[in-house]
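Close look at the chain arrangement
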Amino acid sequence: MELTELTITQAHEGLKKKRFSALDLTEAFLDKTNNIDKKIFSFLVVTPESALSQAKKIDDLILQGKKIPVLAGIPMAVKDNILVEDIRCTAASRILETYIAPYDATCIKKLKAQGAVILGKTNMDEFAMGSSTEHSAFFSTKNPHDQSRVPGGSSGGSAAAAAANMCCYALGSDTCGSIRQPASFCGVVGLKPTYGAVSRYGLIAMASSLDQIGPITKTVAEAKIVFDVISGKDPLDSTSIKYQVSSIKYQVSNLRIGVPKEYFAKGIDPEVEKIVKSAIKKYEALGANIEEVSLPYSTEHALATYYIIMPSEVSANLARYDGIKYGYSKVESRKSKVESLLDVYLKSRAEGFGEEVRRRIMLGTYALSAGYYEAYYLKAQKIRTLIREDFERVFKKVDVLMTPTSPTPAFKLGEKVLSPLLMYLSDIYMAAVNLAGLPAISIPCGKVENLPIGLQIIGKPFEEDRILDIADIFEKSNNF
Ligand code: GLN
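Throughout what follows, the structure given in this document is the object of discussion. Fair warning: this is a prediction, and the values are worked out from it, not measured in the lab. (Residues numbered from 1 in each chain as written. Predicted model: local features only at pLDDT ≥ 70, side-chain atom pairs only at ≥ 80, totals over all residues. Heavy atoms only, no water.)

On to helix 4 (residues 106–113), then. Since the α-helix turns once every 3.6 residues, residues separated by three or four places project in the same direction. When helix 4 is considered as a whole, its buried residues turn out to be Thr 106, Cys 107, Ile 108 and Leu 111. Those residues of helix 4 that are buried are in contact with strand 2 (75–79), strand 3 (117–122), strand 4 (169–174), strand 6 (212–217) and helix 7 (220–230). Positive phi appears at Gly 115, one or two residues downstream of helix 4, with a value of about 90°. (Buried < 20%, exposed > 50% of the residue type's maximum accessible area, 1.4 Å probe, protein only. Helix = DSSP H or I, 4+ residues; strand = E, 2+ residues; numbered from the N terminus. Contact = heavy atoms within 4.5 Å.)

With respect to the helices, strands and loops of the structure, Gly 414 is situated in the loop between strand 9 (400–404) and helix 14 (420–425). Taking the C-alpha atoms as reference points, Gly 414 and Arg 149, 265 residues apart in sequence, are found 8.6 Å from one another.

Let us look at empty space enclosed by the protein. Within the structure shown, the criterion is met by two cavities of 30 Å³ or more. Of the voids in this model, the largest cavity is the one considered here, and its volume is about 90 Å³. If you go around the largest cavity, you meet 15 residues; those closest to its centre are Gly 130, Ser 131, Cys 176, Ser 178 and Asp 427. Here the residues of the lining of the largest cavity are counted per class, giving seven nonpolar, six polar and two charged. Considered as a void within the structure, the second largest cavity measures approximately 30 Å³ in volume. Every residue along the wall of the second largest cavity is listed here: His 135, Glu 356, Arg 359, Lys 416, Val 417, Ser 419, Pro 420, Met 423 and Tyr 424. At the level of elements, helix 12 (355–368) and helix 14 are the ones that each hand at least two residues to the lining of the second largest cavity. Residue contributions to the lining of the second largest cavity peak at three residues, all from helix 14. Grouping the constituent residues of the lining of the second largest cavity by class yields four nonpolar, two polar and three charged. (1 Å grid on protein atoms, 1.4 Å probe; cavity = no way out; pocket = protein on both sides within 12 Å on 5 of 7 lines; lining within 4 Å. Points joined across faces, edges and corners; volume = space filled by probe spheres on them. Nonpolar A, V, L, I, M, F, W, Y, C, P; charged D, E, K, R; others polar.)

Our next topic: the pairing of strand 5 (residues 189–192). Every second residue of strand 5 is oriented toward a common face, with Val 189 and Leu 191 on one face and Gly 190 and Lys 192 on the other, all of them buried. Pairing between strand 5 and strand 6: two bridges, direction antiparallel. Note on strand 6: the bridge partner recorded for Gly 190 is Ile 216. With three bridges connecting them, strand 5 and strand 10 (residues 440–448) associate as antiparallel partners. Counted as the bridge partner of Leu 191 is Ile 441 from strand 10. (Pairing = 2+ DSSP bridges.)

Attention now goes to the site of the ligand. In the vicinity of the ligand lie 15 residues, with Thr 175, Cys 176, Ser 178, Tyr 306 and Arg 360 positioned nearest. Note that an oxygen atom of the ligand is positioned 2.7 Å from one of the backbone N or O atoms of Thr 175. A distance of 2.5 Å separates an oxygen atom of the ligand from a polar atom in the side chain of Tyr 306. When the ligand is considered free in solution it has 300 Å² of accessible area, and contact with the protein chains removes 100% of it. Judged by the fraction of its atoms near the pocket grid, the ligand is located in the largest cavity. Each residue belonging to the shell around the ligand can be placed in one class, and the counts come to six nonpolar, six polar and three charged. (Near = heavy atom within 4 Å. Polar contact = N/O pair within 3.5 Å; in protein donor to acceptor, adjacent residues only side chain to side chain. Areas by Shrake-Rupley, 256 points an atom, 1.4 Å probe, with all protein chains shown as cover. Sits in = over half its atoms within 2 Å of the grid points.)

Looking now at the nonpolar core. Ranked by size, the top nonpolar core spans 142 residues in total, and within it Phe 127, Tyr 283, Phe 391 and Ile 457 carry the most contacts. Counting five residues, the second largest nonpolar core, distinct from the first, contains Val 150, Phe 185, Phe 411 and Met 423. (Core = buried A, V, L, I, M, F, W, Y, C linked by side-chain atoms within 4.5 Å.)

So, about unusual backbone geometry. Look at the link from Gly 153 to Ser 154: it is a cis peptide, with omega at 10°. Positionally, Ser 154 belongs in the loop between strand 3 and helix 5 (156–163). A positive phi angle is found at Ala 128, which is not glycine, with a value near 70°. In this fold, Ala 128 is placed in the loop between strand 3 and helix 5. Residue Ala 128 is classed as buried on the basis of its relative accessible area of 6%. For Thr 133, which is not a glycine, the phi torsion comes out positive at approximately 70°. When you line up the elements, Thr 133 lands in the loop between strand 3 and helix 5.

Here the focus is the packing of aromatic side chains. A full pass over the atoms with the stated rule returns 19 aromatic pairs. Taking the centre distance of 5.7 Å and the plane angle of 70° together, the rings of Tyr 99 and Tyr 326 count as edge-to-face. With a gap of 227 residues between them, Tyr 99 in the loop between strand 2 and helix 4 and Tyr 326 in the loop between helix 10 (302–317) and helix 11 (341–352) connect regions that are remote in the sequence. Taken together, Tyr 99, Phe 127, Tyr 321, Tyr 326 and Phe 353 form an aromatic cluster joined through their ring pairs. One cation-aromatic arrangement involves Lys 416 over Phe 411; the distance from NZ or CZ to the ring centre is 4.4 Å. (Phe/Tyr/Trp six-rings, centres within 6.5 Å; stacked < 30°, edge-to-face > 60°. Lys NZ or Arg CZ within 6 Å of the ring centre and 35° of its normal.)

What follows deals with the environment of Glu 126. Relative to the helices and strands, Glu 126 is located in the loop between strand 3 and helix 5. You can call Glu 126 buried: its relative accessible area is 4%. Separated by 229 residues in the primary sequence, Glu 126 and Glu 355 have C-alpha atoms spaced 9.7 Å apart. Here Glu 126 is in contact with Ala 91, Ala 92, Ser 93, Arg 94, His 135, Ser 136, Gly 352, Phe 353, Gly 354 and Val 357, once residues within four sequence places are set aside.

As structure tokens, then:
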């Protein structure tokens, strides 16, 4: 087995037993990236110097006979909307092309405290807006299973890097599926935590009431390791919550699984439906009780609600990129005529933001403007409550919900990028989860013509442990 194929636990054991050093491990990942990222394009920035010097520090600790935490010396990648001190952080946008992060995000601080080795920053859709990584201002990432296809988005760089063994694990962010959908397209595990479980401090905000950081890993056990490290209350994020890791080991026997009937209706690829249903059958064979449930608001109205609330928050969050405070500025260009302060704002934003970002800022500004606020934003907030109540009702009867992560396998590069509506539709099974703030995981559950398919398991708030345990049982009973 190559070093880059090891799980976190295997690599940790190898380091402890001195079968290889942290330097060997880091070099193996850097070599791999050097060799194959020319074709996959998952990294925006690779940081070999700081990675190797961090690995060396861990090797010194091991030589001194010190006990090392499980993530020490393990190489990982970070989505480029999460700040890592002194490293360029662009959110895949021209407007932040030269921005150097002045501090570490809280999750990065926690990982560094464990001795994590950061290999670099991964490609994404600009400001996390998209489902294919094609909205990156720099280049598109390719799906390692089929390079003519997208890796999913917006954390496509992180998912592709993990799937192609260019990192041991990666971090992503999920506002409406951006961890789960690329994990599903690339055949890896993606956990979107409960809103508030992981601090958002140092995450470049897209839609603050929906954004969450989470792990993208090769196995479920690894997602749990990383989640346990990054979760918890942070005084720098008032929406974060003290997290109690449960000591219960959840089992499948007598587990009540809800299968929302609306998630298997029109629009789903029949092959995806077959594979996901047979995964659910497998749980039944393992002793779970399957029950059909209904989530009327969550399916019918989730996407429309998301595409009002998200752009509204986007329009407010992205107002800070004004050509003065951060990054790209038309003031710097002496060639073009900038006539007034307003002109600086307008020109910097028009040139710094890509088309999809501009579209969402305009939609959000419209939805929030006087006269329209009640009709759009306020109405959407009311429907958001109904969506949350949909879940509260079914979670009285069942312990978890199972659905496909995405209605189709990875689509072709270029297939949806010119049609925003088609692209938005690919988020259909994920939007309600973010609107209700629930935890959900996507795990590989089969393949259609060599393309991975994801099973989404949705849990009650703060029941990450339960969905991780039962996902782990499925993973161990299968071989894909
Ligand atoms: N596809 C979603 C969108 O375009 C992804 C958002 C996200 O999770 N970052 O809004």
